[in-house]
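# Residue-level structural notes
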Amino acid sequence: MSAVTTEAVEAAAPFEDADVSPINPRTRQLLQGPILPMLIRLAWPNILIMLAQASTGLIETWWVSHMGTAALAGMALVFPAVMLMQMMSAGGFGGAISSAIARALGSGRHDNAELLAWHAVVVNVVLGLLFSAIMIAFGRPIYLALGGEGPELEAALVYSNVVFGGMIFVWLMNGLASVVRGTGNMLFPALVTCVGAVLLVPVSPLLIFGFGSFQGLGIAGGGLALVLYSFGGTAVLAWYILSGRNLVRFGVGPLRWAMFRDIVRLGAAAAINSVLTNVTIGIATALVATKAGVSAVAGFGTGARLEYLLIPVIFGIGAPMVALVGTNMGAGQKDRAIRIAFTGAAIAFVITETIGLIAAIFPVAWISLFSEEHGAIDAGVAYLQIVGPVYGFFGAGLALYFASQGAGQLLWPLACGFLRLAIAGFGGWLALELAGSLNGLFFALAAGLVAYGGILLLAIRSGAWFRAKAA
């Protein structure tokens, strides 16, 4: 491999006064290793971590479903907000953290990478506290706007207040995991998350239903279990970085705006993309509630939960793509970065399309895990049969979003996210008005996914990353 170019060093460095260090062997492997085997090797522990993290929500949903339809519908109202936090902290700002650290390491600026790690902690603390305050203060009008009322609204508020009361730990856990992943180490965050998910299996029902003389906390216990899970993960990841076992530790020095800018600029754009995904599902949830009522909301929310499950699966591929693309862009290896992007997108398409087709063929098997009510099953089955067969486009588009994040270029992912929102939101409302059935809404959701993945693929293939950088 040729030496790191001056252009690459300047592009990757958040400020000018850090010295260039020798390339670490792990970083060199990201720059030279065969793409497909290396991507698979890095992705499998990360897929494991994200499946485990997603399973925490499924575990909660399964236990809460035993409390009745109102509790299940209440969780469906809160779930987009909780997933928004997960996506923003792990895939949005978390991806920005990994990208910045990877680009710094790729250009040989280890001191910059360590300073970025410390600035990342500050960013995550501030954002975690900010969203806690917003959701605790304005949760009721938000869930009312999503169609919540009566018992399901009250259940949503109880669950939401507990989860968002501890939201700082969700942000810190994902932020610290992103610091580790930015170095190319996917395994340790995977182990932390998987162990936490295993512990959540017995803790969640104990807190919800009680044991012995302990009466249980109901739906609030489910929220507390998730908070404890995030707190434990934060503690272990902080120990790992502080102990020096991670390639990048927390840099010592005054806080600098240049460091915050490198994280916030990319993280804010990525967060908008996360907001668009959740707003799309939130609008669809409100339309379902207006048209068909609480049972249909529970069914649609359960079906859409499978779509949400695709996000952590693709994040499992996307997180190493951020590190790989970012490191190679930092080193000036643009053609290799593009090959990594399309290799990851192909893997993502195959995985998510397979899941979608299975869900479309056997929809009742999924929906009936959470509800036996006919209205819920009918809505959930219709959603999976219409939207499931195009999940592959969503998977490929989301993988290319992560690759774009590694490249530091999020204009086209954002544009495609807004297009998806317009097709699903306005198109879904129009379909409901004209056709009068939920199927029209679901076809609009499917069309939005096809546009999202297809147009983003064409844009990157045409060189959108490099036109944006040149401009």
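From a predicted model like this one, the values you see are computed outputs, not experimental measurements.

A word on the nonpolar core. Among the nonpolar cores identified, the biggest contains 82 residues, and Tyr383, Val387, Phe442 and Trp465 are the most heavily contacted of them. For this core, the element with the most residues is helix 11 (residues 294-330), which contributes 20 residues. For Tyr383, the residues in contact, after removing those within four places along its chain, are Phe300, Gly303, Ala304, Glu307, Gly388, Tyr391, Phe442 and Leu445. Among the nonpolar cores identified, the runner-up in size contains 62 residues, and Val78, Ala117, Leu200 and Leu237 belong to it.

What follows deals with the pattern of salt bridges. Using the criterion set out here, one finds one salt bridge in the structure. Here Glu154 ties to Arg140 by a salt bridge, and the two come within 3.2 Å at their closest N and O atoms. Here Glu154 is found in helix 6 (residues 150-165), whereas its partner Arg140 is found in helix 5 (residues 110-145), with 14 residues between them in sequence. Relative accessible area serves as the criterion here: at 38%, Arg140 is assigned to the partly exposed category.

Let's shift gears to helix 7 (residues 167-181). For helix 7, which comprises 15 residues, the first-to-last C-alpha distance of 21 Å matches the rise-based estimate of 21 Å (1.5 Å per residue) to within 8%. Within helix 7, 14 of the 15 residues are buried, which leaves the element mostly enclosed by the surrounding structure.

Looking now at helix 15 (residues 391-407). Quick reminder: α-helices carry 3.6 residues per turn. Residues three or four places apart thus point the same way. If you check helix 15, its first and last C-alpha atoms are 25 Å apart, about what 17 residues at 1.5 Å a residue would give, namely 24 Å. Counting buried residues in helix 15 gives 16 out of 17 residues, a clear majority hidden from the surface. Immediately downstream of helix 15, the backbone of Gly408 shows phi near 75 degrees, a positive value.

Here we come to the packing of aromatic side chains. Going through the model one piece at a time under the given rule, you end up with 13 aromatic pairs. Where Phe394 meets Tyr452, the ring centres are 6.2 Å apart and the plane angle is 45 degrees; that geometry is what we call tilted. Taken together, the residues Phe394 in helix 15 and Tyr452 in helix 17 (residues 438-461) connect sequence positions 58 residues apart. Judged on exposure class, the residue Phe394 and its partner Tyr452 are both buried.

Reading the values: rules and limits
Residues numbered from 1 in each chain as written. Predicted model: local features only at pLDDT ≥ 70, side-chain atom pairs only at ≥ 80, totals over all residues. Heavy atoms only, no water. Core = buried A, V, L, I, M, F, W, Y, C linked by side-chain atoms within 4.5 Å. Buried < 20%, exposed > 50% of the residue type's maximum accessible area, 1.4 Å probe, protein only. Helix = DSSP H or I, 4+ residues; strand = E, 2+ residues; numbered from the N terminus. Contact = heavy atoms within 4.5 Å. Salt bridge = Lys/Arg side-chain N within 4 Å of Asp/Glu carboxyl O. Expected span 1.5 Å × (residues − 1). Phe/Tyr/Trp six-rings, centres within 6.5 Å; stacked < 30°, edge-to-face > 60°.

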